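Examining the three-dimensional arrangement
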Amino acid sequence: MKLLHQTICTFIKLSLLLLALWGGSAWAVNYSLDFDGTDDYVDLGSGILSGNGDFSVGFWIKTTAINGRVLSKRDETSTGYLGVYHLSLSSGKINISTFDYDYSTGYQWTATSANVINDGNWHYVAAVQHGNGGTLYVDDKAGVTDQSGGKVNLRSSIRTSIGAGLRMAPNSWTDMSMDEVAIWNSALTSSEITALYNNGFGRDASSTQSGNLVSYWKFNQSSGTVLIDSKGTSNGTLTNMDGNSDWVVSSIASDSDEIAIAQTNIATRFAEQTIDTI
């Protein structure tokens, strides 16, 4: 059955690539990574963000999971819980928690979304450290702000990962799809975050505060076990993941969003019908 799934995924990828080439620059196939919630994760390495300055983390996520780590700067080393942040699902809502470099200072700012995001649809999430704490945004909704907890002082040596909390594995894997992860060493404004959401899923984020963009993983390789950092040097390593079938077509961006959605739905229905008939 797994071989059948891989064959169908390959066929869809090739078909949509031909469509993109045939249609010219108006078409672009967009990919995302599918995490199985069992042991899949991407290790982005260390050296991403340090100190207690402003920062922003943004990404697109699609999930039906209830709990689990989504994106985490926290690892299994002896000091891997000091100077960290982690974005997690908690009862279907997205949450960010931070713990300071200094153990005696402890937890810093934290925020939880007002609404659940585990409805199986794509959502844009952004976490921003600023002022004396930070704000968590989902889609175009008003942010949830904590300005009483204090800024977290991040430790450079701690690794960042997608899809797992390395310090808590194996109890924190998350069944989800992820795309367009970006990290800035500055605070994005609410209007900039709204613009990123309104620009649509699968669109380029590098034009937003480009001078402060530290790393940007577009998820558009379509195959392989390396997640390329198009801005910095923090290429990610796919761990326990299939370099072919875990890359999934998530959308086709074109001059018409309606056409993009329709083409993606056609590909999905073809895959479902193929499985049903075999």
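Presented here is an overview of the structure given in this document.

Rules and cut-offs
- Residues numbered from 1 in each chain as written.
- Predicted model: local features only at pLDDT ≥ 70, side-chain atom pairs only at ≥ 80, totals over all residues.
- Heavy atoms only, no water.
- Helix = DSSP H or I, 4+ residues; strand = E, 2+ residues; numbered from the N terminus.
- Buried < 20%, exposed > 50% of the residue type's maximum accessible area, 1.4 Å probe, protein only.
- Contact = heavy atoms within 4.5 Å.
- Areas by Shrake-Rupley, 256 points an atom, 1.4 Å probe, with all protein chains shown as cover.
- 1 Å grid on protein atoms, 1.4 Å probe; cavity = no way out; pocket = protein on both sides within 12 Å on 5 of 7 lines; lining within 4 Å.
- Points joined across faces, edges and corners; volume = space filled by probe spheres on them.
- Pairing = 2+ DSSP bridges.
- Polar contact = N/O pair within 3.5 Å; in protein donor to acceptor, adjacent residues only side chain to side chain.

**Digging into the overall build of the protein**
- Helix and strand counts for the protein stand at 3 helices and 16 strands.
- Taken across its 278 residues, the protein has 50% of its residues classed as buried.
- Pairs at least 24 residues apart make up 67% of the contacts formed inside the protein by residues separated by at least 6 positions.
- Counting every atom, the protein has about 12200 Å² of accessible surface; 51% of that belongs to carbon and sulfur.

**Considerations on the layout of surface pockets**
- In this structure, the second largest pocket occupies an estimated 170 Å³ of space.
- Forming the walls of the second largest pocket are 14 residues, and the residues nearest its centre are S113, A114, N115, V138 and K141.
- Ranked by the residues each element gives to the lining of the second largest pocket, the list is headed by strand β9 (residues 133–138), at 3 residues.

**Re the sheet that holds strand β14 (residues 226–227)**
- In space, the 8 strands of this open sheet follow the order β7-β6-β5-β4-β11-β2-β15-β14, with antiparallel pairing throughout. Each of the sheet's edge strands pairs with one partner strand only, and the pair in question is β7 (107–112) and β14.
- Across 3 bridges, the pairing between strand β4 (residues 68–73) and strand β11 (residues 160–162) is antiparallel. Paired with L71 across the two strands is I162, which belongs to β11.

**Some thoughts on the side chain of T174**
- Within the secondary structure, T174 is located in the loop between β11 and β12 (175–184).
- A distance of 2.4 Å separates the side chain of T174 from the backbone oxygen of R69, its partner in a polar contact.
- Sequence-distant contacts of T174, defined by excluding residues within four places in its chain, comprise F35, G37, A65, N67, G68, R69, V70, L89 and G163.

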